[in-house]
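Coordinates in review
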Amino acid sequence: MRKLTYFIACSIDGFIGDPDGDATSMLRFLDEEFLAFLKAEYPETAATQGRRALGFDDLPNKRFDTVVQGRGSYDLALKEGITSPYAHLREYVASRTLKESPDPNVEIIADDLVGKVRELKAEEGELDIYLCGGSEVAGELFEEIDELVIKTYPLVYGTGMPMFGSGIAISDFTLDSVRTFGNGMLVRTYSRKR
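The rules behind each value
Residues numbered from 1 in each chain as written. Predicted model: local features only at pLDDT ≥ 70, side-chain atom pairs only at ≥ 80, totals over all residues. Heavy atoms only, no water. Helix = DSSP H or I, 4+ residues; strand = E, 2+ residues; numbered from the N terminus. Rg over C-alpha atoms; globule rule 2.2 N^0.38 Å. Buried < 20%, exposed > 50% of the residue type's maximum accessible area, 1.4 Å probe, protein only. Contact = heavy atoms within 4.5 Å. Lys, Arg positive; Asp, Glu negative; His and termini not counted. Charge placed at Lys NZ, Arg CZ, Asp CG, Glu CD. Pairing = 2+ DSSP bridges. Axes fitted to C-alpha atoms, helices over the stretch in contact; angles between N-to-C directions. Salt bridge = Lys/Arg side-chain N within 4 Å of Asp/Glu carboxyl O. Polar contact = N/O pair within 3.5 Å; in protein donor to acceptor, adjacent residues only side chain to side chain.

Take the overall build of the protein chain next. Along the backbone of the protein chain there are five helices and ten strands. At 16 Å, the protein chain has a C-alpha radius of gyration in line with the 16 Å of a compact globule built from 194 residues. Based on the C-alpha atoms only, the size of the protein chain along its principal axes is roughly 40 × 40 × 35 Å. Buried residues in the protein chain amount to 47% of all 194 residues. Considering only residue pairs separated by 6 or more positions, the protein chain has 69% of its internal contacts joining residues 24 or more positions apart. The average position of the 22 basic charges and that of the 33 acidic charges among the side chains of the protein chain differ by 2 Å.

To continue, consider the sheet that holds strand β5 (residues 106–109). Overall, mixed pairing links the eight strands, which are arranged β5-β4-β3-β6-β1-β7-β10-β9 in an open sheet. Each edge of the sheet is formed by a strand with only one pairing partner; in this case those strands are β5 and β9 (173–180). Each strand of the sheet is rotated relative to its neighbour by a mean of 20 degrees, with strand direction disregarded. Across three bridges, the pairing between strand β1 (residues 4–10) and strand β6 (residues 128–133) is parallel.

With that settled, the discussion passes to the side chain of Arg192. For Arg192, the position within the fold is in strand β10 (residues 186–192). Buried within the structure, Arg192 lacks any salt-bridge partner; its nearest side chain of opposite charge belongs to Glu143, at an N-O separation of 4.2 Å. One polar contact links the side chain of Arg192 to the main-chain carbonyl oxygen of Phe142, over a distance of 2.3 Å. For Arg192, the side chain forms a polar contact with the main-chain oxygen of Ile145, separated by 2.6 Å. Residues within four places of Arg192 in sequence aside, it is in contact with Phe142, Glu143, Ile145, Asp146, Ser171, Asp172 and Phe173.

Attention shifts here to the side chain of Asp128. Following the sequence through the fold, Asp128 ends up in strand β6. Although Asp128 is buried, it forms no salt bridge, and the closest oppositely charged side chain is Lys3 at an N-O distance of 4.3 Å. Of note is the side chain of Asp128, whose polar atom sits 2.9 Å from the backbone nitrogen of Lys3. Discounting residues that sit within four places of it in the chain, Asp128 has contacts with Arg2, Lys3, Arg63, Phe64, Asp65 and Thr66.

Attention now goes to the environment of Arg192. The exposure class assigned to Arg192 is buried, which follows from its relative accessible area of 11%. When the C-alpha atoms of Arg192 and Glu144 are compared, they prove to be 9.6 Å apart, with 48 residues separating the residues in sequence.

Pairing between β9 and β10: seven bridges, direction antiparallel. Bridging across to β10, Arg179 finds its partner in Val187. Where β9 folds back on β10, the antiparallel hairpin that results is connected by five residues, among which Gly184 adopts a positive phi of roughly 100 degrees.

These figures come from the coordinates and say nothing about function on their own.
See the structure below:
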């Protein structure tokens, strides 16, 4: 069974962006040390355009071959004219309002998101599924999330978009690892206790 991993950036107080979902204030922490980690461990989590700009577009996928994201996350790319932000992965966008995909590499999941993710998890394969965001999709898929990889930036937002946008039950996770960076960032990895 393949895993669904919520690989997400957040503030110290658990917000993945300001109230509108804007997380650009976190970008200043993407320094050489962190980018080296990303290239070594999670190169496929960088959008295709970012991979090209940073010179690691040729790196193979190490952890994931599929990405699931919400409409809000996808709209960030669409606003830049990018219709396939993760062209190096199979792309799924959860949206009840986007009726037709603007790109043949992107499949829209209009209903039964949980069922579709369960289907993806049941596929044969060595690589897993990257849950990119956003908050509402993560809340809807909470019970399907097997692993959390939380990139915590040394910022406090005070208010904003939470990691999970809907009411969820208390759930136990096991801390697998913590990686610290010189700029104050942490990357924590947790596995769900089942």
